[in-house]
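Spelled out from the first residue to the last, the chains are:
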Amino acid sequence: MKDKTSPIFQEGALLPLEPADPGVTRQVFGHDARLMLVKVIFETGAVGSMHSHPHSQASYVESGVFELTIGPDKKVLRKGDGYYVPPQVVHGCVCLEAGVLIDAFSPAREDFL
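Quantities reported herein were computed from a predicted structural model and do not represent experimental measurements.

### Quick notes on the packing of aromatic side chains
Link 1 in the chain: This structure, assessed with the given rule, holds two aromatic pairs.
Link 2 in the chain: With centroids separated by 5.0 Å and ring planes inclined at 80 degrees, the aromatic side chains of F42 and F66 adopt a geometry described as edge-to-face. Residue F42 is located in strand β3 (residues 36-42), and its partner F66 is located in strand β5 (residues 56-70); the two are separated by 24 residues in the primary sequence. The pair formed by F42 and F66 is uniform in burial state, with each residue classed as buried.
Link 3 in the chain: Judged by centre distance (5.8 Å) and plane angle (90 degrees), the rings of F105 and F112 are edge-to-face.
Link 4 in the chain: When its relative accessible area of 12% is taken as the criterion, F112 is described as buried.

Below you can see the structure in the form of structure tokens.
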């Protein structure tokens, strides 16, 4: 990932929206090999499929309402809430009201680039 460092500044209006799951799109913001920030936009009813990865993840609910499953735990989170996913823990969500999650990953998700 040596050459895949983001520019210093990112303008959201200029960043591509990429499909993730049905009803889910994402924008990759600042990143280098050690860190990545991603905006994930969900339509009501969209599902962030259950998955795991070797990255640590911390996320912030910018808007909307989400039912999160992280390992054996399930919780409904709303605007202003956040969560942490340890490496290799299976997790996913269902969007109950359209919204946006802001995800930070360490190290960066090379599969998103």
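### Quick word on the side chain of H55
Link 1 in the chain: Position of H55 relative to the elements: it lies in the loop between β4 (47-51) and β5.
Link 2 in the chain: Of the residues examined, H55 reaches a relative accessible area of 9% and is grouped as buried.
Link 3 in the chain: With residues near it in sequence (within four places) discarded, H55 still touches V85, P86, P87, F105, S106, P107, A108 and R109.

### Focus: the environment of L68
Link 1 in the chain: In this fold, L68 is placed in strand β5.
Link 2 in the chain: We classify L68 as buried; its relative accessible area is 5%.
Link 3 in the chain: In sequence terms L68 and H51 are 17 residues apart; their C-alpha atoms lie 12 Å from each other.
Link 4 in the chain: If we skip the residues at most four places from it in the chain, L68 touches D73, K74, K75, L77, Y83, G92 and C93.

### Examining the pairing of strand β7 (residues 82-85)
Link 1 in the chain: Only one face of β7 is buried, namely the one carrying Y83 and V85, since none of G82 and Y84 on the opposite face is buried.
Link 2 in the chain: Bridging between β5 and β7 involves four bridges; their strand directions are antiparallel. Residue Q57 lies in a different strand from β7, and its bridge partner there is V85.

### Description of the pattern of salt bridges
Link 1 in the chain: A full pass over the atoms with the stated rule returns three salt bridges.
Link 2 in the chain: Note that R26 is salt-bridged to E18, the shortest N-O span being 3.9 Å.
Link 3 in the chain: A relative accessible area of 16% places R26 in the buried class.
Link 4 in the chain: Residue E18 is classed as partly exposed on the basis of its relative accessible area, which comes to 25%.
Link 5 in the chain: The residue R109 makes a salt bridge to D111 at a minimum N-O spacing of 2.7 Å.
Link 6 in the chain: A relative accessible area of 8% means that R109 is categorised as buried.

### Quick word on the nonpolar core
Link 1 in the chain: The biggest cluster of nonpolar side chains holds 20 residues, and the ones touching the most others in it are M36, V38, F42, F66, Y83 and L101.
Link 2 in the chain: Within the residue set of this core, elements represented by two or more residues are β2 (24-31), β3, β5, β7 and β8 (91-106).
Link 3 in the chain: Those residues in contact with F42 that lie beyond four places of it in its chain are G23, V24, G48, F66, C93, C95, A98, G99 and L101.

The rules we used
- Residues numbered from 1 in each chain as written.
- Predicted model: local features only at pLDDT ≥ 70, side-chain atom pairs only at ≥ 80, totals over all residues.
- Heavy atoms only, no water.
- Phe/Tyr/Trp six-rings, centres within 6.5 Å; stacked < 30°, edge-to-face > 60°.
- Helix = DSSP H or I, 4+ residues; strand = E, 2+ residues; numbered from the N terminus.
- Buried < 20%, exposed > 50% of the residue type's maximum accessible area, 1.4 Å probe, protein only.
- Contact = heavy atoms within 4.5 Å.
- Pairing = 2+ DSSP bridges.
- Salt bridge = Lys/Arg side-chain N within 4 Å of Asp/Glu carboxyl O.
- Core = buried A, V, L, I, M, F, W, Y, C linked by side-chain atoms within 4.5 Å.

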